[in-house]
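Listed here are the chains, written in short residue letters.
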Amino acid sequence: DAGVTQSPTHLIKTRGQQVTLRCSPISGHKSVSWYQQVLGQGPQFIFQYYEKEERGRGNFPDRFSARQFPNYSSELNVNALLLGDSALYLCASSLVGRDYEQYFGPGTRLTVT
Amino acid sequence: SQQGEEDPQALSIQEGENATMNCSYKTSINNLQWYRQNSGRGLVHLILIRSNEREKHSGRLRVTLDTSKKSSSLLITASRAADTASYFCAADGLTFGKGTHLIIQP
């Protein structure tokens, strides 16, 4: 079975622009979580979705939003990009939710100039 | 703020030696998960220990959990060069620490 996939792999944007990142979970997984990882730090939790509903939100501004589709894939949107949004954005899927191991995708490297 | 905090921040040992890293967390948890990350790419799940468990093994990995001290440890036995990576603990799989960077020297 294919693992978690994310697109694009790399992205360069300018301050003030908007970006959409995509994630496809492992087949059969219904929960998707998004994380931001700044260089040298651990992943920071942004959102968790389960069965197309938001089940958790981290301490991120409203510029960050996400949704989950009927096929359980997910998108993360970031508006009004700031230089500080430059990071590796990771998507993880799991069978149910936080009580089960998560499988991470390779991430999307976002650079904001 | 980050729930999990790993210690030490960096660890360098010789191949074949054992590596131990520790994790502390702040609030009650349902489980504690350990992950490995190579070269800033996606994380790989290593082991999950639930709050009612005290010790768990998986291959060369041994994890302990002390809920009274809000701490966990990860032991990697007979280390190999391929174990060189960053290791993170995650409280309930959601809040990660800053990680321990492990270097295995041949």
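Data block above holds the structure.
Below is a summary of the structure that appears in this document.

### Points about the interface of chain A and chain B
So, step 1. At the junction of the two partners, chain A supplies 21 residues and chain B supplies 20 residues.
So, step 2. Interface area for chain A against chain B, summed over the two sides, is near 1,700 Å², with a carbon-plus-sulfur share of 48%.
So, step 3. Taken together, chain A and chain B are joined by zero salt bridges.
So, step 4. In this structure, the connection of chain A to chain B is made through four residue pairs in polar contact (both at pLDDT 80 or more).
So, step 5. Those elements that provide at least two residues to the side of chain A that touches chain B are strand 4 (31–37), strand 5 (44–50) and strand 9 (87–94) of chain A.

### Digging into the packing of aromatic side chains
So, step 1. For the structure on display, the rule yields nine aromatic pairs over all chains.
So, step 2. On the numbers, 5.1 Å between centres and 65° between planes, the contact of A:Phe60 with A:Phe64 is edge-to-face. Here A:Phe60 matches A:Phe64 in class, with each residue buried.
So, step 3. Ring geometry for B:Phe88 against B:Phe96: centres 6.5 Å apart, planes inclined by 70°, an arrangement best described as edge-to-face. Each member of the pair, B:Phe88 as well as B:Phe96, carries the same accessibility label: buried.

### With respect to the pattern of salt bridges
So, step 1. Under the criterion given, the structure shown has nine salt bridges over all chains.
So, step 2. With a shortest N-O distance of 3.3 Å, A:Glu54 and A:Arg57 are connected by a salt bridge.
So, step 3. According to the relative accessible area criterion, A:Glu54 is partly exposed, its value standing at 36%.
So, step 4. With its nearest N and O atoms 2.9 Å apart, the salt bridge here joins B:Asp83 to B:Arg60. On the criterion of sequence distance, the pair formed by B:Asp83 in the loop between strand 8 (71–76) and strand 9 (85–91) and B:Arg60 in the loop between strand 6 (55–58) and strand 7 (61–66) is long-range, its members being 23 residues apart.
So, step 5. For B:Arg60, a relative accessible area of 23% corresponds to the partly exposed category.
So, step 6. Look at the salt bridges and you will find they share partners, linking A:Arg22, A:Arg67 and A:Glu75 into a network.

### Quick notes on the state of the cysteines
All names here are of chain A.
So, step 1. Applying the stated criterion across every chain yields a total of two disulfides over all chains.
So, step 2. Sulfur-sulfur distance for the disulfide between Cys 23 and Cys 91 comes to 1.8 Å. Here Cys 23 and Cys 91 share a disulfide; its torsion about the S-S bond, -60°, makes the bridge left-handed. Note that Cys 23 is positioned in strand 3 (residues 19–24) and Cys 91 in strand 9, a separation of 68 residues in sequence.

### Considerations on a nonpolar patch on the surface
Residue and element names in this part refer to chain A.
So, step 1. A contiguous nonpolar surface patch, about 250 Å² in accessible area, is contributed by Leu 95, Val 96 and Tyr 100.
So, step 2. Assignment of secondary structure puts Val 96 in the loop between strand 9 and strand 10 (103–104).
So, step 3. When its relative accessible area of 37% is taken as the criterion, Val 96 is described as partly exposed.

### What about unusual backbone geometry?
So, step 1. Omega for the peptide link from A:Ser7 to A:Pro8 comes to -10°, which places this bond in the cis form.
So, step 2. Structurally, the position occupied by A:Pro8 is in the loop between strand 1 (5–7) and strand 2 (10–13).

### As for the pairing of strand 11 (residues 100–105) of chain B
All names here are of chain B.
So, step 1. Burial of strand 11 is one-sided: the residues Thr 100, Leu 102 and Ile 104 facing one way are buried, the residues His 101, Ile 103 and Gln 105 facing the other way are not.
So, step 2. Direction of pairing for strand 2 (residues 10–14) relative to strand 11: parallel, over a ladder of five bridges. Residue pairing for strand 11: Gln 14 is matched across the bridge by Gln 105.

Definitions and limits used
Residues numbered from 1 in each chain as written. Chains lettered and ligands numbered in written order. Predicted model: local features only at pLDDT ≥ 70, side-chain atom pairs only at ≥ 80, totals over all residues. Heavy atoms only, no water. Contact = heavy atoms within 4.5 Å. Buried area = accessible area lost by both parts, 1.4 Å probe. Salt bridge = Lys/Arg side-chain N within 4 Å of Asp/Glu carboxyl O. Polar contact = N/O pair within 3.5 Å; in protein donor to acceptor, adjacent residues only side chain to side chain. Helix = DSSP H or I, 4+ residues; strand = E, 2+ residues; numbered from the N terminus. Phe/Tyr/Trp six-rings, centres within 6.5 Å; stacked < 30°, edge-to-face > 60°. Buried < 20%, exposed > 50% of the residue type's maximum accessible area, 1.4 Å probe, protein only. Disulfide = S-S within 2.5 Å. Patch = residues over 30% accessible without salt bridge, like charges linked within 9 Å, V, L, I, M, F, W, Y side chains within 5 Å. Areas by Shrake-Rupley, 256 points an atom, 1.4 Å probe, with all protein chains shown as cover. Pairing = 2+ DSSP bridges.

Remember that the coordinates give geometry; whether it matters functionally is a separate question.
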